[in-house]
Each structure stands twice: as structure tokens, then as C-alpha cells.
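# Structure assessment
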Amino acid sequence: MTNLTDLLPAGAGGKQVSFTASGAISSGQTVALNSDGTVSVISGNGSVVEYEDGSVRGQTASGIFDSANNKVIVSYSDSGDTNKGKAVVGTVSGLSISFGTPVQFHAGATYYGGISFDTNAGKCLIVYLDGDTNQTEAIVGTVSGTSISFGTAATVTTNYGAFPAVAYDSTAQKHLVTYRDDNDSSIGKAKVATISGTSVSFGSEATFEPGRADAGKIAYDANAQKLVVSYYDADNSSYGTSAVGTISGTSVSFGTPVVFRSATTSYLSTSYDANAQKVVIAYNDGASTYLPKAIVGTVSGTSITFGAAASLGTVPVNGAPSVAYNPDTQKHTIVWGNQNSPYQVYQVTATVSGTSISATSAIVIYDATNGGAPEPQSLVYDTNSDKMVLQMRKGSTDEGIAFVLNSSFVPASSFLGIADAAISDTASGNITIKGGVAGTVAYDSGIGAETSFDNTAISSAITYDANAQKVVVFYDSSDNSSYGYGVVGTISGTSSSWGSSGSANTSGFVQWVDIVYDSNAQKVVAVYNNGTLSDHGYAVVGTVSGTSISWGTPVKYESAGVYYNAIVYDSNSQKVVISYYDAGNSNYGTSIVGTVSGTSISFGTAVVFNSASTFGISSAFDSVNNKVVNAYRDVGSSNEGRAVVGTVSGTSISFGSDVAFNTTSNTPITATTFDANAGKIVIAYRSDPSNEGKAIVGTVSGTSISFGTEATFSTSTMGSGERYIAAEYDPSTQTVLIGFRDEGDSNYGKTIVGTVSGTSISFASEETFSSAATLAIDFAYDSNAQKMIVIYRNASGVGQSRVYTPDTTLTPNTTYYVQSDGSLSTTSSSVTAGKALSATSINLDYSS
């Protein structure tokens, strides 16, 4: 038995999880981590199967998936039987494929060829060059069981039609047949084909390339509803070229051909990316190197534009690279054979992003053992089995062979994740698991190690400076007369580091602190109660430079005692809004608008939003409706939890009517954030008399807000002090992170992830980030590092921080990527985890 240890990224809590493997595991193998504590080696590709034990002529075989019968069809020229045209039906089961008996569709010599499937008729259409007459012909095939039967062949053109190709237009429910007319200056021509029963008929002929069009292939762009014909133009230095075709009835018309490669381009293949809505061309760089490359095309009207080409590998291609799109993983598989020794077949997994395509490192998927250059001829995605089938010519003996690529892996119910194993200690059998662990993982999420930002912080607040790409903490230091200070933090992976603190020139001890980033001014604004100056309200502007911060002169915004300060940035008006308890006006809830200019700030006139004693204030900005939302405890309404919507205009703010979200006897503290994905306000709070942690979803409409049903995130006793509850939206996971002091569990600091759906919120399991008495909790999301950071004060009065990566809550039918720290995110990376099947399971793709 082999013991395995899953080593989490540095600083990710240090927790180790042991698994047990039965049998030997070799370095570099891909393994599955199972919930019963075992490790299983994930098998590679399926076994090689012959579909033709004679020999297949080069550049003649094509494959297609028959979605009506869930079969793979391969058409080819049997060079071992006088080049007769044949087809064979394959059935995929797991990682295996079996074939029926080949069926002849043309008794004479058959060259080149292509195949398409008509989803409307439930038939396939095979096009080929009749080697006896040099005419291009087409024939309809019907699959039944593991065999195929054919109608009568029809002539596409009586001229010498070389390089015939075919593709199906699912919108027009027609096929486009293209060919090189060698009896007419070898120009590129096309006809529309219509299947009726077991027969096929053709429309009028059209020209797509006035020069010599060689090795044409076709992709159907379902978004643009166009057909893209790609080829190399032998009359234009063999440049790679594409033309966009539009079917209307039984006719087709083409836009002006567009060059995608201004250099010699050899054989190619094409696919369509339904997610990116782009065409992908994989081609042989015929300019002496013959290396595999790929390029992305975007159809607009009757034309097409291209991004930059990407290199796929460093070994020369024998024939053309084959490409096929997997709609489940939203990636392309590209394979090619090495024309030189060692005669191997290579595979990459490619991802389209915008107008670019990137590929994983090439891996060997077939080795001919120096038996001659293998030639992959078609790659077919079987939507029924979710597998790729590679059909190829073997090499020196030229048999027709095929095998299933394990390009996606469907986990069992006990499956936890997937990783690559690398033996680190062969003597003891210990194996280090590296790589991303996907799906539902069995260990704590990534909570980085504690880092101190100040040893004497009392209360603190944090924000993210998007211009400097740093987080900034504003706090009061007990070692410095409780004056206000700022410190700049840098997040790297799951760690944070801090620069030197900078005095905020508060000239007095500070309380009730908060801070926000003004993206228009590219400054941070901190607010506080100056305890030395009669608790008056002040604000100060900070400028981040590197890992330091400098401050302007503090400006008074309220000449009376202020408490429960909350500040938000209104990105619509480009103003900050401070809300607070105004001790100089009957403790009313009050807001004021501030305008940052340089290193200073000025204010409009204060406006009352609640004409009663107002406690526990928190604020958020709804960027969908461009409104400020204040949540608070309304002493004048039986201590209910209430919220009000504010609209900034110029340097003033006006409010609608307040609405209760909690009508229990006391809502002493709130934390509010805006879920940008759901377009909703989320308020977290302590609900008396149970003292449980509750949250509720609010929907802003005009100047009012309505609420769904409250949800409980903790049944333990919540604290009611300053920043005992915090809430922040995490755009990387599209969830809300709530932090709280759990007085029912030794005052430990806890977090929990909430997911908004409609007007409801549901929660994952809570986690502990501080196993000590915890105060002054606050969050900020670093959009550059794509991490959440939590700050807090521990039992020793030290200001601490930890970088936080929540457990992934999966969104069904969404593709997730492994990040550099092993976490999952919808943010694209070079490693794809797979597509979520449910909130807790994922269809994993380890090919990348």
C-alpha cells in the first residue's frame, strides 16, 4: 500500500490529507482522489482498433458523428483493394471503440473525399473524386445498427473536381460541397447539396476562389450562419486563405477571399468553437518547417478576420493536423503525426480567448515504434459518449486504425478531485500530489498564514486601491496615542506582506473608522471619529505609492459627535458618501457627500436618512441601479433592522422611504455588500433575541428596496460590537463572504460563503480563520490577485491579516479553471478543471 500526502499551496493552512493507493503508481501518472481515502490511476487513451486491415490511402479518410444513431462513421479509399471507396460504422463504449464490417460505396478508384452528417435527414453525405472518370461525386449513406447502406451516387461536376470537401449548414439544412476544378484553371468552386431520402441533388455552381484552391476544408459558423471555406491558394504563393459562403435556397454566394497566412501553407483542418463563436484553422506550416499551427477567425457579414497564429509543437506534421471541438469542455483537441523518426502522434488541447488561441504542451498519444510515419486523418467528437475518436493511417503498413482519446473524465459519486502524481520518496512510497485538485475537495479551503500589519491596532478597516493594485488598512494604534495610521499591503498567492505604516495626521485618537477607494481620484478616503476633538467627524485622503501611503490634511465633515461611520464610493456620481450617527442632531442617521480633489476633500450639506436614533450603520453601492443603500438599527421603530435607498445628485443625496428587513426586537449590527452578479444587496446582521447570524437579499427598484426571506448563516451567538460582522462580494466566485465573531465558540473568527439566487441566499459550511478571540473584522477583494483578504484584531491586540480563497461553489454548466494556487475559478488559465455538472460535482478535463 502506498501512502500519499496532499500538500496544499504554501500558507494554505498547513493541513495534510492522506490517501492510500493500491498497487504501483508511476511518476507523472494522473490519479483520482476518492472520498474513501483511496487513490486510483486514471487510465489513458483507449486501445488501438483496426477498422481496415488492408491499407488506407493517404488524405482520403474522413470521419463524422451520426447523432441520430450515436455512431462514428469513417469513409476512406481502400488502397489494398484497388482504391475502392468504403465506409465503416464505429460504436464508442467508454474508452473502447468497435467497428462493423466495411461497406463499399464506390466500386472504382476513389481519391480524396469528405463526409458530413445531415441532422434533419438523419443521413450522411460522402463526397469523393471518381478516379476512373475524374468526376466529383456524392452519395447518401444510412446507418442501421453497426452497418451502413447507400443510395445511388450523383455527379457533383463532370469536370475534374480535386480535393472535394463537404459540410452541413444546420440552419439552411443543406450541405456545401467544394472542389478544385482542374478543367477550369483549378479555381475553387462550390455547389449546394440537398438530401431527399437516399438521393442527393445540387444547385448551381459558384466560385469561392478565382485562383488555384488546394486542400479545401469547410467549417459551419452557427452564430453567423455562414460556411467558411479554408484552403491554400497555389496561385498566390500557397498562402492560407478563407472565403465566407452564404446559402440561400439551393444557391451559395461568397465574399472576397481573405488571407490568414501570408506564407506557404500546406494541408489544414477546421472546427467551430460554439462557446467563443469563432472558427479555428489548424494547418501545416509548409514554409520548410512543416510545423503545426492554429489561428482563430471571426466571421462578420460575408468576410472574416483573423487573430495571431499560435505554434502548437516543434515536430513536423505528416499531412494535416486534425482538429475537433469539444462543446462540453469548450476546448479544441488538435493532433498530428511526426513525419520523421520517431514516428509518433502528438496531441494538444487548445483554448480560444477573443481572437487568440493557446495550447497546452504537446503529449505523445501514439508511438509507431519507428514503423513509418503515422497520418491522423480525422478527429471526431462523439457527443453521446463525450469522447474524441482519432482515425488514422498506421504508418509503414497503412492499416486504418482508430482509438478513443480520454479527453474528458466523468467522476464517480465518490470522486473528490484529480491531480498529477510525482514520486518524491520511492523508498518510503510517499508521493507528493501536485497540480489542481478539482470538484468537491475534502480539505479546508486556502486560508493563508497570519501576517501582522500592526502589533497595536485597535480598530481597523480595509479597501483595495485598484490603481496601485494594493490593499490599504486604516487603523488606530494604541502605541501611538490611538492616532490614525495607514499601511499598504501586497497579496501574492496566499500570502500578504505589509509596508511601513504612515501617520494620517489625525491629531487625536480615532474611533469608528472606515475607508474606501475613489476610482476617479485614484485615492483612498478614510473617515473617523476624533476622540480628542469632541468626537467630531473627519475624513482624510490617502495616496498610495509602492508600498507606502501619504496623507493629506484631515477635513471635518460633522461638527458634532459621530459614530457608526460607513463610507462608500458612488461610481456613477464619482463621489464618496459618508453615513453616520449624528450625536449633535438627536442621534439621527445622517449622510453627506464628499468630493475628492487632489489630496483633499470637500463636502455638501448633510442629509438625514432616519429621524430617530440610528445604530449599527453599514452601506453599499448598487452599481446596477446607481444607488447607495444604508442598513441600520432603527431605535425609533422598536430597534428594527431597516434599510433606505439614497440617490446622489451633485454634492447632495436624497432618500426614499425606509423598509424593514428584520422586525425582531433588536438588530444591533449590520454589514452590507452588493452582489454584482445577482444585482442584489446582501445585508448580514445579528438578530435578537436569538442572537443568531442572519442574512437577507434586497432588490433595489427606483428609490425603494424590497427583501426576500431571511436566511440563517450561524445558529451560534453573534457579537454586537464594532465590526463584529463583515460582508464582501467576491467576483471571482460570484459569492458573498461573511465574517463574524462567534461568541458561542470562544469568540473565534469565522467565515461563511453565501450564494445569491433570486431573492434568496444559501450558505456553505462555516470555517474558522482565527482560533482566538477576534475583533474588528473586515474584508477587501484584490482584483489583481483575485483574492479576498480578511483583517482582524486578535486576543493580544495585534492587527492580523490572512489571504482567503473560499471553497468553490460550482455553477452547473460553467467551465472552471485551475488557478496557480490550486483553487478553482471561472477565470481562464492554462489548466482546465472541467465543466460543472452540479454545485458539488464537475466533469473533469485532465487533457490540459
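Residues numbered from 1 in each chain as written. Predicted model: local features only at pLDDT ≥ 70, side-chain atom pairs only at ≥ 80, totals over all residues. Heavy atoms only, no water.

### Looking at the overall build of the chain
Broken down by element type, the chain carries zero helices and 74 strands. Taken over 848 residues, the chain has a buried fraction of 59%. Excluding contacts between residues fewer than 6 apart, the proportion of contacts in the chain whose partners are at least 24 apart in sequence is 50%. Carbon and sulfur atoms form 42% of the exposed surface of the chain, whose accessible area is close to 29,100 Å². (Helix = DSSP H or I, 4+ residues; strand = E, 2+ residues; numbered from the N terminus. Buried < 20%, exposed > 50% of the residue type's maximum accessible area, 1.4 Å probe, protein only. Contact = heavy atoms within 4.5 Å. Areas by Shrake-Rupley, 256 points an atom, 1.4 Å probe, with all protein chains shown as cover.)

### Remarks on unusual backbone geometry
Of note, the amide linkage connecting Ser341 to Pro342 takes the cis form, showing an omega dihedral of 5 degrees. Within the secondary structure, Pro342 is located in the loop between strand S29 (331-337) and strand S30 (344-353). The backbone of Trp512 shows a phi angle near 50 degrees, a positive value even though the residue is not glycine. Take Trp512: its relative accessible area is 18%, and that puts it in the buried class. In the Ramachandran plot, Asn639 falls in the positive-phi region, its phi being about 65 degrees despite a non-glycine side chain.

### Digging into the nonpolar core
Formed by 19 residues in total, the largest nonpolar core has its most connected members in Phe713, Ile725, Ile738, Phe740 and Ile761. Once you skip the residues sitting within four places of it in the chain, Ile738 turns out to touch Ala684, Ala695, Phe713, Ile725, Ala726, Ala727, Lys750, Thr751, Ile752, Phe763 and Phe779. (Core = buried A, V, L, I, M, F, W, Y, C linked by side-chain atoms within 4.5 Å.)

### A look at the sheet that holds strand S34 (residues 387-393)
In space, the four strands of this open sheet follow the order S5-S35-S34-S33, with antiparallel pairing throughout. Of all the strands in the sheet, just strand S5 (49-52) and strand S33 (375-382) have a single pairing partner and so form its edges. Neighbour to neighbour, the strand axes of the sheet diverge by 30 degrees on average, direction disregarded. Sheet topology note: the S34/strand S35 (residues 400-405) ladder contains six bridges and is antiparallel. Bridged to Leu390 within S35 is Phe403. (Pairing = 2+ DSSP bridges. Axes fitted to C-alpha atoms, helices over the stretch in contact; angles between N-to-C directions.)

### With respect to the confidence of the model for the chain
In this model, the chain carries an average pLDDT of 85, and 84% of its residues clear a pLDDT of 70 or more. Across residues 408-445 the pLDDT falls below 50, and counting only partners more than four positions away or on other chains, this stretch makes 123 contacts in the model. Counting interchain partners and residues more than four positions distant, the pLDDT-below-50 stretch residues 844-848 has 33 contacts. (pLDDT = per-residue confidence, 0-100.)

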